[in-house]
Amino acid sequence: MRHIVKAIVGLTFAATAVTASAQLPFSLPGLGKIGDKLGGINIGNTVSNLTKASREPDESEEVHIGQEFAATLLGAKPLVADPALQRYVNTLGRWLALQTERPDLPWTFGVLDDAGFNAFATPGGYIFVTRGLLARMRSEAELAGVLAHEIGHVLKKHHLRAVQKNAGMALLGDFVIAANKGGNTEARNALMNVGRKLYASGLDKEDEFEADRLGVVIAARAGYDAFGLPSVLQTLQAQNPGDGEFSLLFKTHPAPSARIDMLDRLMQDRFDSLPASQGQPLTVRLGEFRK
Amino acid sequence: MKYLPLALAAMLASGMAYAESALTSRATDLQSHAQSDASSVASLPENTRVEVIARKGAWTQVKTAAGQSGWVRMLALKQENSAAAPSAAPVSGNPLGALNSLLSSGRTSNTATVTTGVRGLSEEDLQHAQANPAELNKAQRFSTDRNAAQAFADRSKLSPLKVDYLPEPQTAATRNMEGS
């Protein structure tokens, strides 16, 4: 209750103090709840454009939101300082993305300098894996499977949907405006807060299962063994969820055995007649990309 | 490359190194070939320990403690250990050794019983993260165009295939009924 009161007070203050674009809120209880979710920050002029907010963000707005999230992830961990490695992951990732219905997003892939095992996607096609994940890949087909799973999240706009669900359409609309113009600091901060919480707590389980279903098919379309991703899940299955290198991934994803069970039921013999390349070892690829 | 023993060469070529044992995660057939209509060599109960020899798509070639060899569905296995992870990477005399050690630093045994002190990117790290637009600019400079991706596929002999997306699975209730 205290938060709600604070939010309303802040809101009213902001609405009178800020520009002409600020209007009095239409629905105080709803707005109070949003303020609460965002940790009581002042969202006064972020609720100014409810009409614009009621539509889906277009592709360039989706990309802008994704860039904000990507910059935040890179603020947590920078890229591994190895241009050949980064170019390799981008090239492999782009080849996979070309097999999808969104081949021309500004697909950008990166390896984060982190010993943990994890992978992230943001709206608009920004995808990161950690060097700890890369070190545990037993084949390029496994890495392709992981990247294709993340591509699946982007295709289905899972993170964008999660932001809408958690913060409400009204707020998303203002995020979009903020992201486009870069002017509204408060809306931008609110967007980044939602992003931080989203990546720390993870998506819905159903979104992860869907990304698994998409990922095995995208890898297969690109010529890779569709069982690369299930093989990675088997590696995860053998881990201790409490291990500090794996704990965030276990916290933010369904149990590996549940994911394997689903793929086992669906994949069956469907991929048996495909060429199923394992790809090249990382050492060979780095040699290629260093030239 | 010709000085390498054939098995090692094949292992390196596939990028995989299997010196693992695994357990069956459910009762499954040991089959003579890597296809579903192949003849059955033996029926393996759940939790049968097998030695993993090779993998091919949906199938894994294994050898049982009783000495029987054959193929089982890859997803009917679970790893008992996965000491293989980094062994495909370091090759002696490899000029990329520095990167391999960079990539594998912080990496430890994959066995489930071992918990290391090494910590990966955490919830707290994310909650305190500040945007780093300069790093994002750097990341964007590595992004690759269609042509480069196509050239990569051509030299890797990867051809695009038409494969339909998988359907959504049945409801949980149905799945529970058919499983056991």
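Residues numbered from 1 in each chain as written. Chains lettered and ligands numbered in written order. Predicted model: local features only at pLDDT ≥ 70, side-chain atom pairs only at ≥ 80, totals over all residues. Heavy atoms only, no water.

Student: Explain the interface of chain B and chain A here, please?
Tutor: Reports often express the size of an interface as the amount of accessible area lost when the parts come together. The interface is formed by 86 residues belonging to chain B together with 102 residues belonging to chain A. In total, about 7900 Å² of surface goes out of reach between chain B and chain A, with carbon and sulfur atoms giving 60% of it. Our count for the chain B to chain A interface comes out at six salt bridges. Note that Arg26 of chain B and Asp264 of chain A form a salt bridge whose closest N and O atoms lie 2.6 Å from each other. Across the chain B-chain A interface, the total number found is 26 residue pairs in polar contact (both at pLDDT 80 or more). Among the elements of the structure, α1 (6-14), β7 (77-79), α2 (97-104), α3 (123-127), α4 (133-141), α5 (146-155) and α6 (172-178) of chain B are those that each provide at least two residues to the side of chain B that touches chain A. A total of seven residues in the side of chain B that touches chain A trace back to one element, the largest contributor, which is α5 of chain B. Each residue belonging to the side of chain B that touches chain A can be placed in one class, and the counts come to 40 nonpolar, 28 polar and 18 charged. (Contact = heavy atoms within 4.5 Å. Buried area = accessible area lost by both parts, 1.4 Å probe. Salt bridge = Lys/Arg side-chain N within 4 Å of Asp/Glu carboxyl O. Polar contact = N/O pair within 3.5 Å; in protein donor to acceptor, adjacent residues only side chain to side chain. Helix = DSSP H or I, 4+ residues; strand = E, 2+ residues; numbered from the N terminus. Nonpolar A, V, L, I, M, F, W, Y, C, P; charged D, E, K, R; others polar.)

Student: What is the right way to look at the pattern of salt bridges in this model?
Tutor: Between side chains of opposite charge, a pair can form when the charged atoms approach closely. Here the structure, examined in full by the defined rule, presents 21 salt bridges over all chains. Among the salt bridges present, the one from Glu142 of chain A reaches Arg138 of chain A, with a minimum N-O distance of 3.2 Å. Taken individually, Glu142 of chain A and Arg138 of chain A each receive the classification buried, so the pair is uniform in this respect. The shortest N-O distance in the salt bridge between Arg155 of chain B and Glu288 of chain A comes to 2.9 Å. You can see Arg155 of chain B sitting in helix α5 and its partner Glu288 of chain A sitting in helix α14 (residues 282-290), one on each of two chains. In this structure Glu288 of chain A comes out as partly exposed when scored by relative accessible area, which is 22%. Ionic contacts of the salt-bridge type, sharing partners, join the residues Glu140, Arg285 and Glu288 of chain A together with Arg155 of chain B into one network. (Buried < 20%, exposed > 50% of the residue type's maximum accessible area, 1.4 Å probe, protein only.)

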